[in-house]
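Fold and contact review
Single-letter residue listing:
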Amino acid sequence: SSSVSGTAGAGAYLTPDGALLIAFDEFNPRLIVLDRTTGGEFTIALPSSTLGVIGNPVRPEVYVNDATGGLAMAPTGVRRLSTPVCASPTAVAVSADGRRVVYRCLPGGGNPGYSAVLDTASGSLVSVAPHGWSPVLNTDGSVLFQAEFTPTGMLLRRYLADSATLDVETALGQFFTT
């Protein structure tokens, strides 16, 4: 089982048992679900604010957003997740053990932006780290990694996911020249 799309955008997700193939239609926000055991197909409409979908590698669940926050969608139903409020939070990464998901909120409208780590089982907020690019979690979801672009180059930041405490910052140098 895997999520083909680890970042916001189009992608496909095969549930851990291999029974459902779920694709995201980014041009007409919806999930297209193919039941591989029966051959049946159906769609689930998504809010127009949905920017991407990412799947849980351990249980049959995908993470999406609507205008007010994150949602966990499973064959058993839809749950609201405790994402902090922003214009359009987007699920961008799930830990390999399936216990945690990261929602990113871009800066804008007075919001400085953030990366929120959530517990996938309870839907509760674990921590909120400052805005960064390309947030990913380590295997067990205990560490959040993000990139930060600065005038002098790129930084890689490592946060302890339980508290969003900056643990390590490494300068990666300048990648682009003007």
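Residues numbered from 1 in each chain as written. Predicted model: local features only at pLDDT ≥ 70, side-chain atom pairs only at ≥ 80, totals over all residues. Heavy atoms only, no water.

1. Quick look at the confidence of the model for the protein
- Mean pLDDT over the protein works out to 85, with 90% of the residues at or above the 70 mark.
- The model gives residues 1-10 a pLDDT under 50, and that stretch makes 32 contacts with residues more than four places away or in other chains. (pLDDT = per-residue confidence, 0-100. Contact = heavy atoms within 4.5 Å.)

2. Examining the pairing of strand β10 (residues 90-94)
- Of all 5 residues in β10, 5 are buried; the element is thus mostly enclosed.
- Here β10 pairs with strand β11 (residues 100-105) via 4 bridges, running antiparallel. Counted as the bridge partner of Val94 is Val101 from β11. (Buried < 20%, exposed > 50% of the residue type's maximum accessible area, 1.4 Å probe, protein only. Helix = DSSP H or I, 4+ residues; strand = E, 2+ residues; numbered from the N terminus. Pairing = 2+ DSSP bridges.)

3. What about the side chain of Arg157?
- Turning to its location among the elements, Arg157 is positioned in strand β16 (residues 153-160).
- There is a polar contact of 2.6 Å between the side chain of Arg157 and the side chain of Glu169. (Polar contact = N/O pair within 3.5 Å; in protein donor to acceptor, adjacent residues only side chain to side chain.)

4. As for the sheet that holds β11
- Spatially, β10-β11-β12-β13 is the arrangement adopted by the 4 strands of the open sheet, whose pairing is antiparallel. On the outer flanks of this sheet lie β10 and β13 (125-130), each paired with one strand and no other. Sheet twist, expressed as the mean angle between neighbouring strand axes with direction ignored, is 25 degrees. (Axes fitted to C-alpha atoms, helices over the stretch in contact; angles between N-to-C directions.)

5. As for the side chain of Asp35
- Residue position: Asp35 is located in strand β4 (residues 30-35).
- At 8.1 Å, Arg36 is the nearest oppositely charged side chain to Asp35, a buried residue that forms no salt bridge.
- If we ignore the near neighbours within four places in the chain, the residues touching Asp35 are Ala19, Leu20 and Gly40. (Lys, Arg positive; Asp, Glu negative; His and termini not counted. Salt bridge = Lys/Arg side-chain N within 4 Å of Asp/Glu carboxyl O.)

6. Here we look at the sheet that holds strand β15 (residues 143-150)
- Reading across from one edge, β14-β15-β16-β17 is the order of the 4 strands in this open sheet, with antiparallel pairing throughout. The two strands at the open ends of the sheet, each matched to only one other strand, are β14 (133-137) and β17 (165-173). Strand after strand, the sheet turns through a mean of 20 degrees between neighbouring axes, direction not considered.
- Direction of pairing for β14 relative to β15: antiparallel, over a ladder of 3 bridges. Directly across from Trp133, in β15, lies its bridge partner Ala147.

7. Topic: the environment of Ser134
- Positionally, Ser134 belongs in strand β14.
- On a C-alpha basis, the gap between Ser134 and Glu148 in space is 9.0 Å, while along the polypeptide they are 14 residues apart.
- The residues touching Ser134, leaving out its near neighbours within four places in the chain, are Arg104, Phe145 and Gln146.

8. Quick word on the pattern of salt bridges
- Within this structure, the stated rule accounts for 9 salt bridges.
- For Glu148, the salt bridge is made with Arg157, and the minimal N-O distance between the two is 3.9 Å. The pair Glu148 / Arg157 is uniform in exposure class, with both members buried.
- One salt-bridge network, in which partners are shared between bridges, spans Arg59, Glu61 and Arg79.

9. Describing the nonpolar core
- Ranked by size, the top nonpolar core spans 13 residues in total, and within it Tyr63, Leu81, Ala91, Val101, Tyr103 and Leu118 carry the most contacts.
- Mapped onto this core, the elements with two or more residues apiece are β10, β11 and β12 (114-119).
- Ignoring any residue separated from it by four or fewer positions in sequence, one finds Tyr63 in contact with Gly52, Val53, Ile54, Asn56, Leu71, Ala72, Leu81, Ala91, Val94, Val101, Tyr103 and Thr120. (Core = buried A, V, L, I, M, F, W, Y, C linked by side-chain atoms within 4.5 Å.)

10. Comments concerning the pairing of strand β5 (residues 41-45)
- Here β4 runs beside β5; their pairing, made up of 5 bridges, is antiparallel. Looking at β5, one finds that Arg30 is bridged to Ala45.
- Where β4 folds back on β5, the antiparallel hairpin that results is connected by 5 residues, among which Gly39 adopts a positive phi of roughly 85 degrees.

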